[in-house]
Structure formats: C-alpha cells, structure tokens
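Coordinate analysis (summary)
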Amino acid sequence: MTAVLPWATLVVCLAITIARLPSLLRGENRVLFYIFALMTLDILLSIEGPYLALDAVLGGVNVTNLILRFLLYGTFLLMGVKIAMGFASASAERAIRGPWGLTVLGLTVGLTTFFFVITDTRGSTVGMNGLTWGPSMEAYAALGRFYPGFVAACLLPAIWRTVTGRPPALLRGAAALLFVGLALLLVSQLFPLIPAVHLWLRSLINYSAVLATALGLAGIWLSKAYARRKRKISV
C-alpha cells in the first residue's frame, strides 16, 4: 500500500491541477492553481524514480531533498495564507505571514540549510533514509516537519469552526477532510517515536496528509462553485 500511495497521491494532485487550468487561463483564483501545482511537484520529487534522476544530475549528494524542503516551505506558506483568508481567520493569516510567522519561516530555512551543509549527505536516497543518521540529520528532518506543522497549527482552529458550524454539508465535508490532512501534519511531529520496524507508518501518514489536504481544498473549491451556480439559478 505504501508503494502505491505516493503515485496515487501524485495522480490526484495532478488531476486537480489540470482541472484548475481553465480557471487559471480566465485569471480566476490563480493562487489555488499554483498551490496544487506546487503540491504535485512536491509529491513528484518525493518518489524514488524522479528523485534519483534529478539528484544524479545535481551531484548525487541529496541536494534534491534540500530543494524539496524549500518547495514544501513555499507550498505551506502560500497554502496557509490562502486557507486563512478562505476561512476568514485574520489571526491565522497574521500568524503565518505576519512578522512572527515570517521570522519562523526564515529561521527554518536558515537552519535547514545549515544542518544540510554540515551533514554528510553523499549517496542519493529518497528521504535520505539510506544515510547514517546522527544529530544533525535528526535536526534537519525535524525542521522539515516543523514548518508544515506550524502552519497546520495556525489553521486548525478556524477550520474546526467550519466543520462544527452550520455551512452547507459539502463545505463542511471538505473542511473536515482538510482538517484531517493538516492534523496528520501535527502527528508527523512524533515520527522520532515510531520504532524502526514500523517506519512505513511515516510514508502512510505523510501521503495521507497530502491526499486529504488536496481533496479537502478541491472540495472547498467545488462547494463554492456549486454555491455560486445555485445563486445564479435562483435569481
């Protein structure tokens, strides 16, 4: 299952990205297209074949992993601001793109780069799982989980209010999926506690988080499009 899940997640993200193309060409909600395009690229670079092919070109020292980290940070910054605005949460928006949020992002990027540079990363391996792990590698991995978790923690209260509120059922269902996806990012902070024999759980949690988040975002987009169409028909 964990071997199929990355490809299934890639297909779903790519399909949603393609579905957003007409809106992009009309100049409607372009940010949402960029978010799905970034998610698709993130998943692509986390799969063994594409990862190894690119990293071979970049010298075989897992620079691809560092690039993936930066792409993920950008994805969550963009997605976090978009979701905060969509759920009318001014506090979440301030927390993510205000001075404190941008400071958190800057420190995360700087420390991620620092720990990558001081770690022996020779030998391409997806997730750097084939390397010898030490304190610097653990810190590098923790930072990669931290920023998505930070963004998720900022957004969950506003999403939960929608899930438990009285919006249309389609919107509440999509918000619930989004809530599950982001909540799994908080669960991923506990990865160091997972025994080595159950490391497959990390992939399951990571890709399930992306899949639920992507479907949740797509569901919110569809629910709003349906609501607009319904209003036009009733006029």
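Shown above is the structure to which this text applies.
Below, the structure is looked at part by part.

Reading the values: rules and limits
Residues numbered from 1 in each chain as written. Predicted model: local features only at pLDDT ≥ 70, side-chain atom pairs only at ≥ 80, totals over all residues. Heavy atoms only, no water. Axes fitted to C-alpha atoms, helices over the stretch in contact; angles between N-to-C directions. Helix = DSSP H or I, 4+ residues; strand = E, 2+ residues; numbered from the N terminus. Parallel < 35°, antiparallel > 145°, perpendicular 65-115°, else oblique. Left-handed = near helix turned anticlockwise from the far one by under 90°. Contact = heavy atoms within 4.5 Å. Buried < 20%, exposed > 50% of the residue type's maximum accessible area, 1.4 Å probe, protein only. Core = buried A, V, L, I, M, F, W, Y, C linked by side-chain atoms within 4.5 Å. Salt bridge = Lys/Arg side-chain N within 4 Å of Asp/Glu carboxyl O. Phe/Tyr/Trp six-rings, centres within 6.5 Å; stacked < 30°, edge-to-face > 60°. Lys NZ or Arg CZ within 6 Å of the ring centre and 35° of its normal. Expected span 1.5 Å × (residues − 1). Bend = angle between axes of the 7 residues up to and from the residue.

Interhelical geometry of helix 1 (residues 5-19) versus helix 3 (residues 30-45) gives an angle of 155° and a closest axis separation of 9 Å. On the basis of the axis angle, helix 1 is roughly antiparallel to helix 3. The chirality of how helix 1 crosses helix 3 is left-handed. Residues Pro6, Thr9, Leu10, Cys13, Leu14, Ile16 and Thr17 of helix 1 form the contact with helix 3, whose participating residues are Phe33, Phe36, Ala37, Met39, Thr40, Ile43 and Leu44.

The next point concerns the environment of Phe114. Structurally, the position occupied by Phe114 is in helix 7 (residues 99-117). By relative accessible area, Phe114 is classed as partly exposed at 44%. Counting along the chain gives 105 residues from Phe114 to Gly219, while the straight-line C-alpha distance between them is 38 Å.

What follows is about the nonpolar core. When a protein is soluble and globular, its nonpolar side chains tend to lie buried together. Counting 47 residues, the largest nonpolar core has Leu155 and Ile159 as its most contacted members. Here this core gets 13 residues from one element, more than from any other, and that element is helix 8 (residues 135-163). When neighbours within four sequence positions are excluded, Ile159 is seen to be in contact with Ile83, Phe87, Ala175, Leu178, Phe179 and Leu182.

Per the stated rule, a full pass over the model turns up 3 salt bridges. Across the pair Asp120 and Arg122 runs a salt bridge, and its minimum N-O distance is 2.9 Å. With a relative accessible area of 62%, Arg122 lands in the exposed category.

Turning our attention to the packing of aromatic side chains. As enumerated under the stated definition, the model contains 8 aromatic pairs in all. For the ring pair Tyr73 and Tyr147, a centre distance of 5.9 Å and an interplane angle of 75° mean the geometry is edge-to-face. With Tyr73 in helix 5 (residues 63-86) and Tyr147 in helix 8, this pair connects stretches of sequence that are 74 residues apart. Grouping residues by exposure puts Tyr73 and Tyr147 together as buried. Taken together, the ring pairs in this structure connect Phe70, Tyr73, Phe146, Tyr147 and Phe150 into an aromatic cluster. Stacked on the ring of Trp221, the Lys or Arg Arg20 has its end atom at 4.6 Å from the ring centre.

Secondary-structure assignment places Thr213 in helix 10 (residues 200-234). What makes Thr213 buried here is its relative accessible area of 4%. Beyond its immediate sequence surroundings of up to four residues, Thr213 is in contact with Met39, Met79, Leu177, Leu178, Gly181 and Leu182.

With that out of the way, let us pick up the environment of Leu177. Inspection of the secondary structure puts Leu177 in helix 9 (residues 169-187). Overall, the relative accessible area of 36% leaves Leu177 in the partly exposed class. The residues contacting Leu177, other than those within four sequence positions of it, are Ala212, Thr213, Leu215 and Gly216.

In this model helix 8 runs 40 Å from its N-terminal to its C-terminal C-alpha over 29 residues, within 8% of the 42 Å that 1.5 Å per residue would give. Of all bends in helix 8, the biggest is about 40°, found at Leu156, and the proline Pro157 comes one to four residues later.

With that settled, consider unusual backbone geometry. Positive phi is not limited to glycine here, since Asn62 has a value of about 65°. Turning to its location among the elements, Asn62 is positioned in the loop between helix 4 (48-57) and helix 5. For Asn62, a relative accessible area of 0% gives the class buried. The phi angle at Ala88 is positive, at roughly 55°, despite the residue not being glycine.

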